[in-house]
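Close look at the chain arrangement
Residues per chain are reported as follows:
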Amino acid sequence: MREFAEAEMRPHVMEWDEAQKFSADLLPKLAELGLMGIQFDEKYGGSAMSAVDYCICIEELARVDPAVALSVAAHNGLCTAHINMFGSDEQKATYLPRLVKGEVLGAWGLTEASAGSDAAGMRTAAVRQGDCWVLNGAKTFITHGAIGGVMVVMTVTDRSKGNRGISAFVLEHGTSGMRAGKKENKLGMRASDTSEVIFEDCRLPAGQMLGEEGQGFINTLQVLDAGRIGIAALSVGLAQGAYEAARGYAKERRQFGQPIAAFQAIQWKLADAATKIEASRLLTYRAAYLKDRGRRMTKESAMAKLYASETAVRVADDCVQIHGGYGFVKDYPAEKYFRDVKLLTIGEGTSEIQRLVIARRLLES
Ligand SMILES: Cc1cc2nc3c(=O)[nH]c(=O)nc-3n(C[C@H](O)[C@H](O)[C@H](O)COP(=O)(O)OP(=O)(O)OC[C@H]3O[C@@H](n4cnc5c(N)ncnc54)[C@H](O)[C@@H]3O)c2cc1C
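These notes cover the structure that comes with them. Quick caveat: nothing in here was measured; it's all calculated off a predicted structure.

The rules behind these values
- Residues numbered from 1 in each chain as written.
- Predicted model: local features only at pLDDT ≥ 70, side-chain atom pairs only at ≥ 80, totals over all residues.
- Heavy atoms only, no water.
- Helix = DSSP H or I, 4+ residues; strand = E, 2+ residues; numbered from the N terminus.
- Rg over C-alpha atoms; globule rule 2.2 N^0.38 Å.
- Buried < 20%, exposed > 50% of the residue type's maximum accessible area, 1.4 Å probe, protein only.
- Contact = heavy atoms within 4.5 Å.
- Areas by Shrake-Rupley, 256 points an atom, 1.4 Å probe, with all protein chains shown as cover.
- Lys, Arg positive; Asp, Glu negative; His and termini not counted.
- Charge placed at Lys NZ, Arg CZ, Asp CG, Glu CD.
- Near = heavy atom within 4 Å.
- Polar contact = N/O pair within 3.5 Å; in protein donor to acceptor, adjacent residues only side chain to side chain.
- 1 Å grid on protein atoms, 1.4 Å probe; cavity = no way out; pocket = protein on both sides within 12 Å on 5 of 7 lines; lining within 4 Å.
- Sits in = over half its atoms within 2 Å of the grid points.
- Nonpolar A, V, L, I, M, F, W, Y, C, P; charged D, E, K, R; others polar.
- Pairing = 2+ DSSP bridges.
- Axes fitted to C-alpha atoms, helices over the stretch in contact; angles between N-to-C directions.
- Parallel < 35°, antiparallel > 145°, perpendicular 65-115°, else oblique.
- Left-handed = near helix turned anticlockwise from the far one by under 90°.
- Points joined across faces, edges and corners; volume = space filled by probe spheres on them.
- Salt bridge = Lys/Arg side-chain N within 4 Å of Asp/Glu carboxyl O.
- Core = buried A, V, L, I, M, F, W, Y, C linked by side-chain atoms within 4.5 Å.

Concerning the overall build of the protein chain
Looking only at helices and strands, the protein chain features eleven helices and ten strands. Over its C-alpha atoms the protein chain spans a radius of gyration of 21 Å, differing by no more than 12% from the 21 Å that the globule rule assigns to 365 residues. Looking at the 365 residues of the protein chain, the share that counts as buried comes to 55%. Considering only intrachain contacts with a sequence separation of at least 6, the fraction spanning at least 24 residues in the protein chain is 73%. Within the structure as shown, the protein chain displays about 16000 Å² of accessible surface, and the carbon and sulfur contribution to it stands at 52%. Measuring between centres, the 44 positive side-chain charges of the protein chain sit 4 Å from its 45 negative side-chain charges.

This is the structure we're talking about:
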């Protein structure tokens, strides 16, 4: 994984960032390595790796380009995982092979303009008409919203039932009544497409419902429990990349007649970074290990995501600081880690929401 990321990704990182596009050339190479179906069954063409293996893959991608890691994590951990966990045999046979072979990218639509952390407050609705459901509404900030070939979307099917009145559907890009809206012009993670998706009288056969009617939100929480392990791994990888860049620079840059790494103020930043990255990695692998054993890991994945993402923000900040003015320009990788990292305390549940999830579990019994 490391050899691949260094050889195939490192030389292009800034070019992809500037272009604000997920590289079409990279996708078949990622697929060739089995990265578009990391944890999925071999019968669908997947790599059948463990959750711990998945973390290592995402970590190594993020160490070099966090935006590519985000796309791979969203594809694997949200859209494809949701279909794998809750799809019928027929739905799995229809969608999984193309997703896990990387023929299409997956998108997963939960967030809306007025429903983010409070995702159950969504307005996108599906109304039953004969053998079909008709979808109307819009989803915001969707990874691969414009370029995804298959999408899972959460909708309200019975408003009177609150979060037990939400159902998921799976559909293909190009379905009549579904279109991409605004593409976001982002601070970081620019090589990963983030777009609005609009539904206007989008008519889907009843067989496109994913999972049971009314179970969409409950299923979503389970998808996110596992998905957050991926964002924690992404955070570990980004922090590792930023730490290595800072360490390398500190040994080379000389001021006052010596390398800046000789100053205790710099050494302490590096020591803190290395220690917190290791703690983040172990929290992340623990959550993944529990997932591999089929154990519940709601609290552990939230803890890993919270701690690893906040560590990554701190490490990316220190990486810029250690680079001084050179951390502020695009000739060094520090600047991009600093921009990319902020998404990690926001996406798949903000730090505040992770604390809420952890506290709920702590106070449950
Ligand atoms: C690059 C990117 C990619 C994304 N990809 C996807 C995707 O593929 N699919 C998808 O569905 N969504 C996606 N999202 C959306 C993301 O999950 C949401 O942005 C996130 O959940 C936060 O929602 P919000 O932006 O509406 O913020 P809000 O919910 O409005 O939060 C604003 C602030 O209020 C705080 N807050 C809210 N509620 C509480 C509370 N109860 N207690 C304490 N504080 C609170 C939040 O923590 C935050 O600090 C993506 C977002 C980005 C930026």
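Next, the rest of the story.
Some words on the site of the ligand
Near the ligand there are 17 residues, and of these Thr-111, Ser-117, Phe-141, Thr-350 and Glu-352 occur at the shortest range. Contact distances for the ligand include 2.8 Å between a nitrogen atom and a backbone N or O atom of Trp-108. Contacts to the ligand include Ser-117, whose side-chain N or O atom sits 2.6 Å from an oxygen atom. Taking 970 Å² as the accessible area of the ligand by itself, protein coverage stands at 64%. According to the grid-proximity analysis, the pocket containing the ligand is the largest pocket. Elements with a contribution of two residues or more to the shell around the ligand: strand E1 (106-109), strand E3 (132-143) and helix H11 (351-363). Here the element with the most residues in the shell around the ligand is E3; it accounts for three residues. A per-class count over the shell around the ligand returns seven nonpolar, seven polar and three charged.

Remarks on the pairing of strand E4 (residues 150-156)
Here E4 lies mainly inside the structure; seven of its seven residues are buried. Covered by surrounding structure in E4 are Val-150, Val-152, Met-154 and Val-156 together with Met-151, Val-153 and Thr-155, the residues of both alternating faces. Note that E1 and E4 share four bridges and pair parallel. Residue pairing across strands places Gly-109 opposite Val-153, the latter belonging to E4. Pairing between E4 and strand E5 (residues 166-172): seven bridges, direction antiparallel. Bridge pairing links Val-153 to Phe-169 in E5.

Side note on the packing of helix H5 (residues 66-86) against helix H7 (residues 216-252)
The interhelical angle for the contact between H5 and H7, taken along N-to-C directions, is 160°, at an axis separation of 9 Å. As far as their axial angle goes, H7 and H5 are roughly antiparallel. For the element pair H5 and H7, the recorded crossing hand is right-handed. Note on element contacts: H7 touches H5 through Asn-219, Thr-220, Gln-222, Val-223, Leu-224, Gly-227, Ile-231, Leu-234 and Leu-238, opposite Pro-66, Ala-69, Leu-70, Gly-77, Leu-78, His-82, Met-85 and Phe-86. Of the residues in the contact of H5 with H7, the class split is eleven nonpolar, six polar and no charged.

Some remarks on empty space enclosed by the protein
Summed over the entire model, instances satisfying the criterion amount to two cavities of 30 Å³ or more. If you trace the largest cavity, you find it lined by Lys-269, Asp-272, Ala-273, Lys-276, Arg-314, Val-315 and Asp-318. Residue assignment for the lining of the largest cavity shows that the elements contributing at least two residues are helix H8 (264-292) and helix H9 (298-323). The dominant element in the lining of the largest cavity, judged by the number of residues it contributes, is H8, at four residues. Of the residues that constitute the lining of the largest cavity, the class distribution is two nonpolar, no polar and five charged. Of all elements in the fold, only H7, H8 and H9 reach the threshold of two or more residues within the lining of the second largest cavity. Considering each element in turn, the lining of the second largest cavity owes the most residues, four residues, to H9.

Observations concerning the pattern of salt bridges
Following the criterion strictly, the structure yields 22 salt bridges and no others. Note that Lys-183 and Asp-193 form a salt bridge whose closest N and O atoms lie 3.9 Å from each other. A residue pair is termed long-range when its members are at least 10 positions apart, and Lys-183 in strand E6 (residues 178-183) and Asp-193 in the loop between E6 and strand E7 (194-205) qualify at ten residues. Accessibility expressed as a relative area gives 41% for Lys-183, which makes it partly exposed. Between Glu-335 and Arg-339 there is a salt bridge, with the nearest N and O atoms lying 2.7 Å from each other. Here the residue Glu-335 and the residue Arg-339 both occupy positions in helix H10 (residues 334-341), the gap between them amounting to four residues, near one helical turn. Residue classification places Glu-335 among the buried positions, given a relative accessible area of 10%. Its relative accessible area of 11% is what places Arg-339 among the buried residues.

A short note on the nonpolar core
Counting residues in each nonpolar core, the largest one holds 67 residues, and the members touching the most others are Met-9, Leu-30, Ile-58, Val-72, Leu-234 and Leu-344. At 15 residues, H7 tops the list of elements feeding residues into this core. Those residues within four positions of Leu-234 in sequence are excluded, and the remaining contacts are Ile-58, Ala-62, Pro-66, Ala-69, Leu-70, Met-189 and Leu-344. Formed by 28 residues, the second largest nonpolar core is a distinct cluster that contains Met-122, Val-152, Val-170 and Phe-217.

A short note on the environment of Val-152
Here Val-152 lies in strand E4. The contacts of Val-152, once residues within four sequence positions are left out, are Cys-79, His-82, Ile-83, Ala-107, Trp-108, Gly-109, Ala-168, Phe-169, Val-170 and Leu-210.

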